[in-house]
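Reading the structure
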Amino acid sequence: MEPLVTIVTVAFNSEKTIEKTIKSVLNQTYPKIEYLIIDGKSGDQTVEIAKTYEEQALKKGYSYRIVSEKDRGIYDAMNKGIALAKGEIMGFINSDDWYEKDAVALSVKTMLKKQCDITFGDIAIHKADGSRIVKRAKLSRYETSRHWNHPTMFVKTSVYRDFPFRQKGIHDDYGAYLAMKKAGKKVEAVHRVLANFSMGGASNKRSLKLSVKRIKDRYGCYRDNGYGRWYFLECILMEAGKFILG
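Quick look at the structure, then. (Residues numbered from 1 in each chain as written. Predicted model: local features only at pLDDT ≥ 70, side-chain atom pairs only at ≥ 80, totals over all residues. Heavy atoms only, no water.)

Things to note about the side chain of S14
Basically, it comes down to this: Strands here are runs of E lasting at least two residues and helices are runs of H or I lasting at least four, both read from the DSSP assignment and numbered beginning at the N terminus. Here's how the labels work: a residue is buried when its accessible area is under 20% of the maximum for its type, exposed when over 50%, partly exposed in between, all with a 1.4 Å probe on protein chains only.
One can find S14 in the loop between β1 (5–11) and α1 (18–26). Judged by relative accessible area, S14 falls into the buried class, the value being 6%.

Listed below in structure tokens is the structure:
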């Protein structure tokens, strides 16, 4: 029997991009989806745009809910989504990113076949100049976010509830993933492009000050989960890569 999957989109003043995100969820080939849009009390037309898709979602048999209220940032909003979710499995897709049409179906198939707690797949990264690169999903002996892609990740809801986002920094999603792995949760990689990521968000802005903050945040995720000090070099290399990619 196919499990219900909850998809959460966190949004704030996202009127220019959220439509593409919503369409990508409503165009999924998977039949049992609950879609939650958690809005941070936007001052633009984000909520109004989201409301125009409610009828389409219901016609497809999807549950569709919009919550708009002030929050304490993206990970507070994500935790609200975790608390509201009714599905057995969860995925997060931000309001400027979008899924491939079979993202949910492939992920659920892998989870059921492999009896795992977590999956993530390849992601297409879209640059401002219109070009794109594919960041491949890979499980390796040495943990690195170079092979991990949060917009493609699907997790059992019970696991997310055991490991909510701690709201400690911009890389809180990766910190939650490391905590799940540390606890022995089983992970499988899906070697297909499942989602698309637009560069230019908070994790990619070019600024020396922001880069230093991101390095510290990422390094904190490693250290909090028992990884060695040499991972500081990994964090520096990740930031250097973002500068090169633009």
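A short note on a positive patch on the surface
Operational definition: Patches were defined on residues exceeding 30% relative accessible area and lacking a salt bridge, with like-charge contacts within 9 Å and nonpolar side-chain contacts (Val, Leu, Ile, Met, Phe, Trp, Tyr) within 5 Å. Values of accessible area rely on a 1.4 Å probe in the Shrake-Rupley scheme; residue burial ignores everything except the protein chains shown. We define a salt bridge as a side-chain nitrogen of Lys or Arg found within 4 Å of a carboxyl oxygen belonging to Asp or Glu. Think of it this way: Lys and Arg go in the positive column, Asp and Glu in the negative one, and His and the chain ends go nowhere. By convention, charge coordinates are those of NZ in Lys, CZ in Arg, CG in Asp, or CD in Glu.
Residues K109, K113, K114 and K186 make up a contiguous surface patch of positive charge. Checked against the element boundaries, K186 lands in the loop between α7 (172–182) and β9 (187–198).

Things to note about the nonpolar core
What counts is decided by this rule: Buried Ala, Val, Leu, Ile, Met, Phe, Trp, Tyr and Cys residues that are joined via side-chain atoms within 4.5 Å together make up what is termed a nonpolar core. Any pair of residues with heavy atoms lying within 4.5 Å of one another is described as a contacting pair.
Membership of the largest hydrophobic core comes to 34 residues, with the highest contact counts inside it found for V5, I7, I22, Y64, Y99, V104 and F154. Counting residues per element, the ones that place at least two in this core are β1, α1, β2 (33–39), α2 (46–51), α5 (103–114), β6 (118–126) and β9. Take this core: its biggest share by element is five residues, from α5. Those residues within four positions of Y99 in sequence are excluded, and the remaining contacts are I7, S24, V25, Q28, G91, F92, I93, P151, F154, L194, A195 and N196. The next biggest cluster of nonpolar side chains, apart from the first, holds 30 residues, and it includes A77, F92, V155 and F163.

Re the packing of aromatic side chains
Threshold: Side-chain rings of Phe, Tyr and Trp (the six-membered ring for Trp) are treated as a pair once their centres are within 6.5 Å; stacked means planes under 30 degrees apart, edge-to-face means over 60, and tilted covers the remaining angles. Put simply, a charge is over a ring when the Lys NZ or the Arg CZ is close to the ring centre, within 6 Å, and near the line of the ring normal, within 35 degrees.
Counted under the stated rule, the structure contains 10 aromatic pairs. Between Y75 and F165, the ring centres sit 5.4 Å apart and the planes meet at 40°, which makes this aromatic pair tilted. Residue Y75 is located in helix α4 (residues 74–84), and its partner F165 is located in the loop between α6 (157–162) and α7; the two are separated by 90 residues in the primary sequence. Residue classification places Y75 among the buried positions, given a relative accessible area of 8%. Judged by centre distance (5.7 Å) and plane angle (75°), the rings of F92 and F165 are edge-to-face. Residue F92 is found in strand β4 (residues 89–92), and its partner F165 is found in the loop between α6 and α7; the two are separated by 73 residues along the sequence. Of the aromatic side chains, those joined through ring pairs into one cluster are Y75, F92, Y160 and F165. Geometry around W98 places K20 over its ring, the cationic atom sitting 3.8 Å from the centre.

Here we look at unusual backbone geometry
Notably, K41 is not glycine yet its phi reads approximately 65°, a positive angle. Assignment of secondary structure puts K41 in the loop between β2 and α2. Phi angles above zero are rare outside glycine, and Q115 is one such case at about 50°. Mapped onto the elements, Q115 comes out in the loop between α5 and β6.

Points about the pattern of salt bridges
Applying the stated criterion across every chain yields a total of six salt bridges. Here K59 ties to E55 by a salt bridge, and the two come within 3.4 Å at their closest N and O atoms. In this pair, K59 and E55 both sit in helix α3 (residues 54–60), four residues apart, roughly one turn of the helix. The partner of D122 in a salt bridge is R136, and the shortest N-O contact between them spans 3.0 Å. With D122 in strand β6 and R136 in the loop between β7 (132–135) and β8 (154–156), the pair connects residues that are 14 residues apart, well separated along the chain.

Structural notes on the environment of R166
You can see R166 is positioned in the loop between α6 and α7. Sequence separation between R166 and Y75 is 91 residues; the distance between their C-alpha atoms is 7.6 Å.

Points about the environment of D97
Here is the rule: N or O atoms within 3.5 Å of each other form a polar contact, as long as, within protein, one can give a hydrogen and the other can take it, and as long as residues adjacent in sequence are counted only when both atoms are side-chain atoms.
By the element assignment, D97 lies in the loop between β4 and β5 (98–99). Since its relative accessible area comes to 1%, D97 is described here as buried. Considered as a pair, D97 and H126 are 29 residues apart in the sequence and their alpha carbons are 9.6 Å apart. Apart from the residues within four sequence positions on either side, D97 is in contact with T21, P151, N196, F197 and S198. A distance of 3.1 Å separates the side chain of D97 from the backbone nitrogen of S198, its partner in a polar contact.

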